[in-house]
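Per-entry structural report
Each chain is listed here by its residues.
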Amino acid sequence: MSENKGIMLAKSMQKHAGRAKEKILQNLGKVDRTADEIFDDHLNNFNRQQTNANKLQKEFNNYIRCIRAAQTASKSLMDAVVEIYEPQWSGYDALQAQTAASESLWLDFAHKLGDQVLIPLNTYSGQFPEMKKKVEKRNRKLIDYDGQRHSFQNLQANANKRKDDVKLTKGREQLEEARRTYEILNTELHDELPALYDSRILFLVTNLQTLFATEQVFHNETAKIYAELEAIVDKLATESQRGSNTLRKQTINAIKTSSPVQSPVNKLNNANANNSNYQNQITTNGGSSLANSHANTADLPPGVLYRVKATYGYVKEDVDELSFEIGDTIRVIEYDDPEDQEEGWLMGQKEGTTEKGLFPANFTRPI
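Residues numbered from 1 in each chain as written. Predicted model: local features only at pLDDT ≥ 70, side-chain atom pairs only at ≥ 80, totals over all residues. Heavy atoms only, no water.

A few words on the overall build of the protein chain. Helices and strands together make up the secondary structure of the protein chain, namely eight helices and five strands. Its helices and strands in sequence order give the protein chain the pattern α-α-α-α-α-α-α-α-β-β-β-β-β, from N to C terminus. For the protein chain, the share of sequence-separated contacts (at least 6 apart) that also reach a separation of at least 24 residues comes to 70%. (Helix = DSSP H or I, 4+ residues; strand = E, 2+ residues; numbered from the N terminus. Contact = heavy atoms within 4.5 Å.)

As a further point, take the sheet that holds strand β4 (residues 356–360). With antiparallel pairing, five strands are arranged side by side in an open sheet as β4-β3-β2-β1-β5. For this open sheet the edge positions go to β4 and β5 (364–366), each flanked by a neighbour on one side alone. Direction aside, neighbouring strands of the sheet carry axes that sit 45° apart on average. Relative to β5, strand β1 (residues 304–310) runs antiparallel, the two sharing three bridges. If you follow Lys309 over to β5, its bridge partner there is Arg365. (Pairing = 2+ DSSP bridges. Axes fitted to C-alpha atoms, helices over the stretch in contact; angles between N-to-C directions.)

The end-to-end C-alpha distance of helix α3 (residues 92–125), which contains 34 residues, comes to 48 Å, matching closely the 50 Å that a straight helix rising 1.5 Å per residue would cover. At Leu118, α3 is deflected by roughly 35°, the largest bend along its length, and proline Pro120 occurs up to four residues later in sequence. (Expected span 1.5 Å × (residues − 1). Bend = angle between axes of the 7 residues up to and from the residue.)

Turning our attention to the pairing of strand β3 (residues 345–350). The buried fraction of β3 amounts to five of the six residues, a majority that puts the element mostly inside the structure. Sheet topology note: the strand β2 (residues 329–333)/β3 ladder contains four bridges and is antiparallel. Residue Val332 lies in a different strand from β3, and its bridge partner there is Gly348. Pairing of β3 with β4 involves five bridges; the strand directions are antiparallel. From the neighbouring strand, Leu346 faces β4, where its bridge partner is Phe359. (Buried < 20%, exposed > 50% of the residue type's maximum accessible area, 1.4 Å probe, protein only.)

Locating Gln50 in the fold gives a position in helix α2 (residues 37–84). Residues contacting Gln50, with those up to four places away along its chain left out, are Phe128, Pro129 and Lys132.

Let us look at the packing of α2 against α3. How two helices sit against one another is set out by the angle between their axes and by the gap between those axes. Contact pair α2 / α3: the axes reach a minimum separation of 10 Å and the direction vectors enclose 165°. Overall, the two elements α2 and α3 adopt an arrangement that is roughly antiparallel. As α2 runs across α3, the sense of the crossing is left-handed. Classifying every residue of the contact of α2 with α3 by side-chain character gives 21 nonpolar, eleven polar and two charged. (Parallel < 35°, antiparallel > 145°, perpendicular 65-115°, else oblique. Left-handed = near helix turned anticlockwise from the far one by under 90°. Nonpolar A, V, L, I, M, F, W, Y, C, P; charged D, E, K, R; others polar.)

To continue, consider the pattern of salt bridges. The final tally for this structure, using the stated rule, is 17 salt bridges. Residue Glu183 pairs with Arg179 through a salt bridge whose shortest N-O separation is 2.9 Å. With a gap of four residues between them, Glu183 and Arg179 both fall in helix α5 (residues 165–258), about one helical turn apart. What makes Glu183 partly exposed here is its relative accessible area of 35%. In this structure, the salt-bridge partner of Arg307 is Glu351, at a minimum N-O distance of 3.1 Å. Placement of the pair is Arg307 in strand β1 and Glu351 in the loop between β3 and β4, with a sequence separation of 44 residues. Overall, the relative accessible area of 26% leaves Arg307 in the partly exposed class. Residue classification places Glu351 among the partly exposed residues on the basis of a relative accessible area of 29%. One salt-bridge network, in which partners are shared between bridges, spans Asp32, Asp146 and Arg149. (Salt bridge = Lys/Arg side-chain N within 4 Å of Asp/Glu carboxyl O.)

The next subject is the packing of aromatic side chains. Note on aromatic pairs: each is described by the distance of the centres and the angle between the planes. Counting across every chain of the model gives 15 aromatic pairs. Ring geometry for Tyr85 against Trp89: centres 5.2 Å apart, planes inclined by 80°, an arrangement best described as edge-to-face. Using a relative accessible area of 32% as the deciding quantity, one classes Trp89 as partly exposed. Taking 5.9 Å as the distance between ring centres and 35° as the angle between the ring planes, the aromatic pair formed by Tyr314 and Phe324 counts as tilted. Of this pair, Tyr314 sits in the loop between β1 and β2 while Phe324 is found in the loop between β1 and β2, placing the two residues ten residues apart along the sequence. Neither Tyr314 nor Phe324 differs from the other in exposure class; each is buried. Following the ring pairs from residue to residue traces out a cluster consisting of Tyr312, Tyr314, Phe324, Trp345, Phe359 and Phe363. Positioned above the aromatic ring of Phe39, the side-chain terminus of Arg138 is 3.6 Å from the ring centre. Its guanidinium or amino end placed over the ring of Tyr197, Arg200 lies 3.8 Å from that ring's centre, counting from NZ or CZ. (Phe/Tyr/Trp six-rings, centres within 6.5 Å; stacked < 30°, edge-to-face > 60°. Lys NZ or Arg CZ within 6 Å of the ring centre and 35° of its normal.)

This part covers the nonpolar core. Judged by nonpolar contacts, the single largest core of 33 residues is most densely connected at Phe46, Phe60, Leu113 and Leu193. Counting residues per element, the ones that place at least two in this core are α2, α3, α4 (127–162) and α5. Considering every element that reaches this core, the biggest residue donor is α3, with eleven residues. Setting aside anything within four residues of it in sequence, one finds Leu113 in contact with Phe60, Tyr63, Ile64, Ile67, Leu118, Leu211 and Thr214. The next biggest cluster of nonpolar side chains, apart from the first, holds 21 residues, and it includes Val308, Phe324, Val332 and Leu358. (Core = buried A, V, L, I, M, F, W, Y, C linked by side-chain atoms within 4.5 Å.)

This is the structure:
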(Lines give C-alpha, C1' and ligand atoms only; values in the text may rest on other atoms or scores of the structure.)
Protein backbone atom coordinates (compact mmCIF):
# COMPACT_ATOMS: atom_id res chain seq x y z
CA MET A 1 0.00 0.00 0.00
CA SER A 2 2.78 2.38 0.94
CA GLU A 3 4.62 1.41 -2.27
CA ASN A 4 1.59 2.40 -4.37
CA LYS A 5 1.38 5.77 -2.60
CA GLY A 6 5.06 6.29 -3.22
CA ILE A 7 4.66 5.49 -6.92
CA MET A 8 1.68 7.84 -7.27
CA LEU A 9 3.54 10.62 -5.46
CA ALA A 10 6.55 10.15 -7.71
CA LYS A 11 4.39 10.32 -10.83
CA SER A 12 2.66 13.46 -9.55
CA MET A 13 5.98 15.15 -8.81
CA GLN A 14 7.28 14.14 -12.23
CA LYS A 15 4.17 15.57 -13.91
CA HIS A 16 4.41 18.87 -12.00
CA ALA A 17 8.09 19.12 -12.81
CA GLY A 18 7.41 18.48 -16.50
CA ARG A 19 4.71 21.17 -16.60
CA ALA A 20 6.94 23.68 -14.80
CA LYS A 21 9.78 22.99 -17.27
CA GLU A 22 7.42 23.39 -20.25
CA LYS A 23 6.04 26.71 -18.94
CA ILE A 24 9.55 28.04 -18.37
CA LEU A 25 10.58 27.09 -21.90
CA GLN A 26 7.44 28.72 -23.30
CA ASN A 27 7.99 31.91 -21.31
CA LEU A 28 11.59 32.07 -22.51
CA GLY A 29 10.46 31.56 -26.09
CA LYS A 30 12.45 28.34 -26.45
CA VAL A 31 9.38 26.40 -27.53
CA ASP A 32 6.04 27.36 -29.04
CA ARG A 33 2.64 27.10 -27.36
CA THR A 34 -0.72 26.06 -28.77
CA ALA A 35 -2.78 29.19 -29.35
CA ASP A 36 -6.60 29.43 -29.29
CA GLU A 37 -7.74 33.02 -29.74
CA ILE A 38 -11.43 32.12 -29.66
CA PHE A 39 -11.00 30.40 -26.31
CA ASP A 40 -9.03 33.38 -25.03
CA ASP A 41 -11.98 35.64 -25.90
CA HIS A 42 -14.36 33.31 -24.09
CA LEU A 43 -12.05 33.30 -21.07
CA ASN A 44 -11.85 37.10 -20.96
CA ASN A 45 -15.63 37.29 -21.03
CA PHE A 46 -15.84 34.68 -18.28
CA ASN A 47 -13.40 36.54 -16.05
CA ARG A 48 -15.26 39.81 -16.53
CA GLN A 49 -18.60 38.11 -15.84
CA GLN A 50 -17.27 36.50 -12.67
CA THR A 51 -15.87 39.83 -11.42
CA ASN A 52 -19.21 41.55 -11.97
CA ALA A 53 -21.15 38.73 -10.30
CA ASN A 54 -18.86 38.76 -7.27
CA LYS A 55 -19.20 42.52 -6.94
CA LEU A 56 -23.00 42.37 -7.16
CA GLN A 57 -23.11 39.54 -4.64
CA LYS A 58 -20.85 41.41 -2.21
CA GLU A 59 -22.82 44.67 -2.42
CA PHE A 60 -26.20 42.96 -2.16
CA ASN A 61 -25.10 40.99 0.90
CA ASN A 62 -24.05 44.28 2.46
CA TYR A 63 -27.42 45.79 1.48
CA ILE A 64 -29.31 42.90 3.10
CA ARG A 65 -27.36 43.41 6.32
CA CYS A 66 -28.25 47.12 6.28
CA ILE A 67 -31.93 46.32 5.63
CA ARG A 68 -32.01 43.99 8.61
CA ALA A 69 -30.32 46.61 10.77
CA ALA A 70 -32.87 49.20 9.58
CA GLN A 71 -35.65 46.71 10.33
CA THR A 72 -34.42 46.35 13.91
CA ALA A 73 -34.05 50.12 14.29
CA SER A 74 -37.54 50.71 12.87
CA LYS A 75 -39.08 48.24 15.32
CA SER A 76 -37.29 49.89 18.26
CA LEU A 77 -38.46 53.32 17.14
CA MET A 78 -42.07 52.23 16.69
CA ASP A 79 -42.05 50.47 20.07
CA ALA A 80 -40.88 53.73 21.65
CA VAL A 81 -43.61 55.71 19.85
CA VAL A 82 -46.31 53.30 21.06
CA GLU A 83 -44.91 53.45 24.58
CA ILE A 84 -44.99 57.26 24.83
CA TYR A 85 -48.32 57.67 23.02
CA GLU A 86 -50.80 57.78 25.89
CA PRO A 87 -53.81 55.41 25.70
CA GLN A 88 -56.37 58.19 26.24
CA TRP A 89 -55.10 60.15 23.25
CA SER A 90 -57.03 60.10 20.01
CA GLY A 91 -55.96 57.37 17.57
CA TYR A 92 -54.11 55.20 20.10
CA ASP A 93 -55.54 51.91 18.76
CA ALA A 94 -55.01 53.00 15.15
CA LEU A 95 -51.40 53.92 15.90
CA GLN A 96 -50.78 50.49 17.41
CA ALA A 97 -52.28 48.84 14.33
CA GLN A 98 -50.14 50.89 11.95
CA THR A 99 -46.91 50.24 13.85
CA ALA A 100 -47.69 46.51 13.82
CA ALA A 101 -48.33 46.74 10.07
CA SER A 102 -44.98 48.51 9.65
CA GLU A 103 -43.15 45.74 11.49
CA SER A 104 -44.89 43.08 9.37
CA LEU A 105 -44.00 44.97 6.20
CA TRP A 106 -40.32 45.11 7.17
CA LEU A 107 -40.29 41.37 7.92
CA ASP A 108 -41.88 40.56 4.57
CA PHE A 109 -39.51 42.92 2.75
CA ALA A 110 -36.36 41.40 4.26
CA HIS A 111 -37.66 37.86 3.65
CA LYS A 112 -38.41 38.51 -0.03
CA LEU A 113 -35.04 40.14 -0.63
CA GLY A 114 -33.28 37.15 0.87
CA ASP A 115 -35.47 34.46 -0.65
CA GLN A 116 -36.20 35.86 -4.12
CA VAL A 117 -33.10 37.96 -4.83
CA LEU A 118 -30.13 36.84 -2.72
CA ILE A 119 -30.57 33.06 -3.08
CA PRO A 120 -30.80 33.19 -6.92
CA LEU A 121 -27.79 35.52 -6.93
CA ASN A 122 -25.80 33.08 -4.81
CA THR A 123 -26.80 30.24 -7.15
CA TYR A 124 -25.72 32.25 -10.18
CA SER A 125 -22.38 33.16 -8.59
CA GLY A 126 -21.84 29.57 -7.50
CA GLN A 127 -21.32 28.49 -11.13
CA PHE A 128 -18.06 30.37 -11.50
CA PRO A 129 -15.76 28.48 -9.08
CA GLU A 130 -16.60 25.13 -10.74
CA MET A 131 -16.17 26.57 -14.19
CA LYS A 132 -12.87 28.13 -13.18
CA LYS A 133 -11.61 24.74 -11.96
CA LYS A 134 -12.47 23.25 -15.33
CA VAL A 135 -10.63 26.05 -17.13
CA GLU A 136 -7.57 25.50 -14.95
CA LYS A 137 -7.68 21.76 -15.67
CA ARG A 138 -7.94 22.49 -19.40
CA ASN A 139 -4.87 24.75 -19.14
CA ARG A 140 -2.90 22.01 -17.39
CA LYS A 141 -3.86 19.50 -20.07
CA LEU A 142 -2.82 22.00 -22.73
CA ILE A 143 0.65 22.23 -21.14
CA ASP A 144 0.79 18.42 -21.04
CA TYR A 145 -0.17 18.28 -24.69
CA ASP A 146 2.43 20.88 -25.66
CA GLY A 147 5.02 19.03 -23.60
CA GLN A 148 4.22 15.70 -25.29
CA ARG A 149 4.25 17.41 -28.67
CA HIS A 150 7.72 18.82 -28.09
CA SER A 151 8.98 15.52 -26.68
CA PHE A 152 7.69 13.67 -29.73
CA GLN A 153 9.34 16.19 -32.03
CA ASN A 154 12.65 15.51 -30.24
CA LEU A 155 12.09 11.75 -30.55
CA GLN A 156 11.47 12.14 -34.25
CA ALA A 157 14.69 14.08 -34.65
CA ASN A 158 16.67 11.47 -32.71
CA ALA A 159 14.91 8.50 -34.34
CA ASN A 160 16.35 9.43 -37.69
CA LYS A 161 19.79 8.99 -36.19
CA ARG A 162 19.22 6.05 -33.83
CA LYS A 163 16.31 4.32 -35.58
CA ASP A 164 14.52 3.71 -32.21
CA ASP A 165 11.04 2.74 -33.39
CA VAL A 166 9.88 1.58 -29.92
CA LYS A 167 10.37 4.98 -28.30
CA LEU A 168 8.87 6.68 -31.31
CA THR A 169 5.75 4.54 -31.16
CA LYS A 170 5.35 5.08 -27.43
CA GLY A 171 5.86 8.81 -27.83
CA ARG A 172 3.21 8.94 -30.56
CA GLU A 173 0.72 7.13 -28.30
CA GLN A 174 1.41 9.50 -25.40
CA LEU A 175 0.99 12.48 -27.70
CA GLU A 176 -2.35 11.22 -29.00
CA GLU A 177 -3.58 10.55 -25.46
CA ALA A 178 -2.60 14.06 -24.33
CA ARG A 179 -4.22 15.60 -27.42
CA ARG A 180 -7.52 13.73 -26.88
CA THR A 181 -7.71 14.72 -23.19
CA TYR A 182 -7.01 18.35 -24.00
CA GLU A 183 -9.41 18.54 -26.93
CA ILE A 184 -12.30 17.00 -24.96
CA LEU A 185 -12.02 19.66 -22.26
CA ASN A 186 -11.36 22.42 -24.76
CA THR A 187 -14.41 21.52 -26.84
CA GLU A 188 -16.65 21.41 -23.79
CA LEU A 189 -15.46 24.82 -22.65
CA HIS A 190 -15.96 26.25 -26.14
CA ASP A 191 -19.65 25.42 -25.63
CA GLU A 192 -20.05 26.10 -21.90
CA LEU A 193 -18.24 29.41 -21.57
CA PRO A 194 -20.32 31.27 -24.21
CA ALA A 195 -23.54 29.73 -22.85
CA LEU A 196 -22.68 30.91 -19.33
CA TYR A 197 -21.77 34.37 -20.63
CA ASP A 198 -25.03 34.70 -22.56
CA SER A 199 -27.05 33.66 -19.48
CA ARG A 200 -26.01 36.85 -17.67
CA ILE A 201 -28.67 38.96 -19.43
CA LEU A 202 -31.64 36.77 -18.53
CA PHE A 203 -30.39 36.39 -14.96
CA LEU A 204 -29.83 40.12 -14.44
CA VAL A 205 -33.20 41.00 -15.95
CA THR A 206 -35.04 38.52 -13.73
CA ASN A 207 -33.06 39.31 -10.60
CA LEU A 208 -33.21 43.09 -10.92
CA GLN A 209 -36.91 43.07 -11.84
CA THR A 210 -37.61 41.13 -8.65
CA LEU A 211 -35.45 43.49 -6.62
CA PHE A 212 -36.99 46.67 -8.00
CA ALA A 213 -40.57 45.34 -7.80
CA THR A 214 -40.04 44.28 -4.18
CA GLU A 215 -38.58 47.70 -3.36
CA GLN A 216 -41.50 49.45 -5.04
CA VAL A 217 -44.14 47.49 -3.14
CA PHE A 218 -42.34 48.00 0.15
CA HIS A 219 -41.92 51.75 -0.26
CA ASN A 220 -45.48 52.24 -1.54
CA GLU A 221 -46.95 50.34 1.40
CA THR A 222 -44.60 52.08 3.82
CA ALA A 223 -45.73 55.45 2.45
CA LYS A 224 -49.35 54.50 3.13
CA ILE A 225 -48.54 53.51 6.70
CA TYR A 226 -46.67 56.73 7.38
CA ALA A 227 -49.50 58.72 5.81
CA GLU A 228 -51.87 57.06 8.27
CA LEU A 229 -49.51 57.75 11.16
CA GLU A 230 -49.23 61.38 10.08
CA ALA A 231 -53.02 61.66 9.96
CA ILE A 232 -53.28 60.22 13.47
CA VAL A 233 -50.79 62.75 14.82
CA ASP A 234 -52.44 65.58 12.88
CA LYS A 235 -55.78 64.67 14.47
CA LEU A 236 -54.15 64.68 17.90
CA ALA A 237 -52.65 68.08 17.15
CA THR A 238 -56.05 69.43 16.11
CA GLU A 239 -57.72 68.03 19.20
CA SER A 240 -55.00 69.48 21.40
CA GLN A 241 -56.02 72.90 20.08
CA ARG A 242 -59.77 72.43 19.72
CA GLY A 243 -60.74 69.12 21.19
CA SER A 244 -58.74 69.81 24.34
CA ASN A 245 -61.44 72.34 25.18
CA THR A 246 -63.73 69.36 25.64
CA LEU A 247 -61.22 67.84 28.01
CA ARG A 248 -60.97 71.12 29.90
CA LYS A 249 -64.78 71.39 30.07
CA GLN A 250 -64.92 67.91 31.53
CA THR A 251 -62.36 68.93 34.12
CA ILE A 252 -64.28 72.08 35.02
CA ASN A 253 -67.57 70.17 35.18
CA ALA A 254 -65.90 67.73 37.53
CA ILE A 255 -64.80 70.67 39.65
CA LYS A 256 -68.37 72.01 39.63
CA THR A 257 -69.73 68.75 41.02
CA SER A 258 -66.94 67.89 43.44
CA SER A 259 -65.01 71.00 44.38
CA PRO A 260 -66.02 73.28 47.29
CA VAL A 261 -65.14 76.21 45.07
CA GLN A 262 -68.26 75.56 43.03
CA SER A 263 -70.66 75.85 45.94
CA PRO A 264 -70.78 79.69 45.72
CA VAL A 265 -71.51 79.34 42.02
CA ASN A 266 -74.59 77.27 42.76
CA LYS A 267 -75.66 79.81 45.37
CA LEU A 268 -75.15 82.64 42.93
CA ASN A 269 -77.07 80.82 40.23
CA ASN A 270 -79.98 80.17 42.60
CA ALA A 271 -79.98 83.80 43.75
CA ASN A 272 -79.78 85.36 40.30
CA ALA A 273 -82.12 83.94 37.64
CA ASN A 274 -80.59 86.10 34.94
CA ASN A 275 -77.16 84.69 35.58
CA SER A 276 -78.62 81.18 35.56
CA ASN A 277 -80.13 81.80 32.14
CA TYR A 278 -76.81 83.24 31.00
CA GLN A 279 -74.86 80.17 32.08
CA ASN A 280 -77.33 77.65 30.75
CA GLN A 281 -78.00 79.26 27.39
CA ILE A 282 -74.51 80.31 26.19
CA THR A 283 -73.88 78.22 23.10
CA THR A 284 -72.24 80.85 20.92
CA ASN A 285 -70.88 84.35 21.20
CA GLY A 286 -73.92 85.58 19.26
CA GLY A 287 -77.36 87.01 19.97
CA SER A 288 -79.09 84.01 21.51
CA SER A 289 -77.08 84.43 24.70
CA LEU A 290 -77.46 88.17 24.76
CA ALA A 291 -81.24 87.97 24.49
CA ASN A 292 -81.41 86.12 27.80
CA SER A 293 -78.47 87.53 29.74
CA HIS A 294 -79.66 91.09 30.52
CA ALA A 295 -76.19 92.29 29.57
CA ASN A 296 -75.77 95.98 28.86
CA THR A 297 -74.81 96.41 25.20
CA ALA A 298 -74.79 100.21 25.11
CA ASP A 299 -71.64 102.19 24.35
CA LEU A 300 -69.57 99.10 23.51
CA PRO A 301 -66.48 99.36 21.30
CA PRO A 302 -66.75 97.89 17.78
CA GLY A 303 -66.56 94.08 17.74
CA VAL A 304 -67.51 93.73 21.43
CA LEU A 305 -70.74 91.79 22.00
CA TYR A 306 -71.09 92.49 25.72
CA ARG A 307 -69.04 92.58 28.89
CA VAL A 308 -68.77 90.15 31.79
CA LYS A 309 -67.20 90.28 35.25
CA ALA A 310 -65.23 87.40 36.73
CA THR A 311 -66.91 85.84 39.74
CA TYR A 312 -64.05 83.35 40.18
CA GLY A 313 -60.42 83.37 39.22
CA TYR A 314 -59.23 81.15 36.36
CA VAL A 315 -55.71 80.11 35.37
CA LYS A 316 -55.37 79.16 31.72
CA GLU A 317 -54.46 75.57 30.92
CA ASP A 318 -53.48 76.14 27.29
CA VAL A 319 -51.93 78.89 25.19
CA ASP A 320 -55.26 79.80 23.57
CA GLU A 321 -57.00 80.46 26.90
CA LEU A 322 -57.39 83.59 29.04
CA SER A 323 -56.41 83.89 32.70
CA PHE A 324 -58.20 86.31 35.04
CA GLU A 325 -58.79 87.20 38.66
CA ILE A 326 -62.04 87.73 40.56
CA GLY A 327 -63.49 91.08 39.59
CA ASP A 328 -61.72 91.40 36.23
CA THR A 329 -63.86 92.75 33.39
CA ILE A 330 -63.78 90.82 30.13
CA ARG A 331 -65.10 91.94 26.76
CA VAL A 332 -66.83 89.09 24.96
CA ILE A 333 -65.99 89.02 21.23
CA GLU A 334 -66.63 86.78 18.24
CA TYR A 335 -64.52 83.68 17.63
CA ASP A 336 -61.96 84.14 14.87
CA ASP A 337 -63.24 80.92 13.33
CA PRO A 338 -66.89 80.03 14.03
CA GLU A 339 -66.00 76.33 13.82
CA ASP A 340 -63.84 76.76 16.93
CA GLN A 341 -66.90 77.55 19.10
CA GLU A 342 -67.28 75.25 22.10
CA GLU A 343 -70.39 75.02 24.27
CA GLY A 344 -69.86 76.70 27.61
CA TRP A 345 -66.79 78.61 26.45
CA LEU A 346 -66.48 82.23 25.31
CA MET A 347 -63.86 84.21 23.44
CA GLY A 348 -62.88 87.39 25.22
CA GLN A 349 -60.33 90.12 25.84
CA LYS A 350 -59.48 91.26 29.34
CA GLU A 351 -60.34 94.94 29.59
CA GLY A 352 -57.40 97.30 29.83
CA THR A 353 -55.00 94.69 28.35
CA THR A 354 -54.28 93.01 25.05
CA GLU A 355 -54.74 89.56 26.55
CA LYS A 356 -57.20 87.51 24.53
CA GLY A 357 -58.40 83.90 24.65
CA LEU A 358 -61.02 81.33 25.58
CA PHE A 359 -62.52 81.23 29.08
CA PRO A 360 -65.29 79.26 30.85
CA ALA A 361 -68.57 81.20 30.83
CA ASN A 362 -69.72 79.93 34.21
CA PHE A 363 -66.78 81.63 35.90
CA THR A 364 -68.27 85.03 34.99
CA ARG A 365 -71.54 86.98 35.07
CA PRO A 366 -72.86 89.57 32.58
CA ILE A 367 -72.60 93.24 33.29
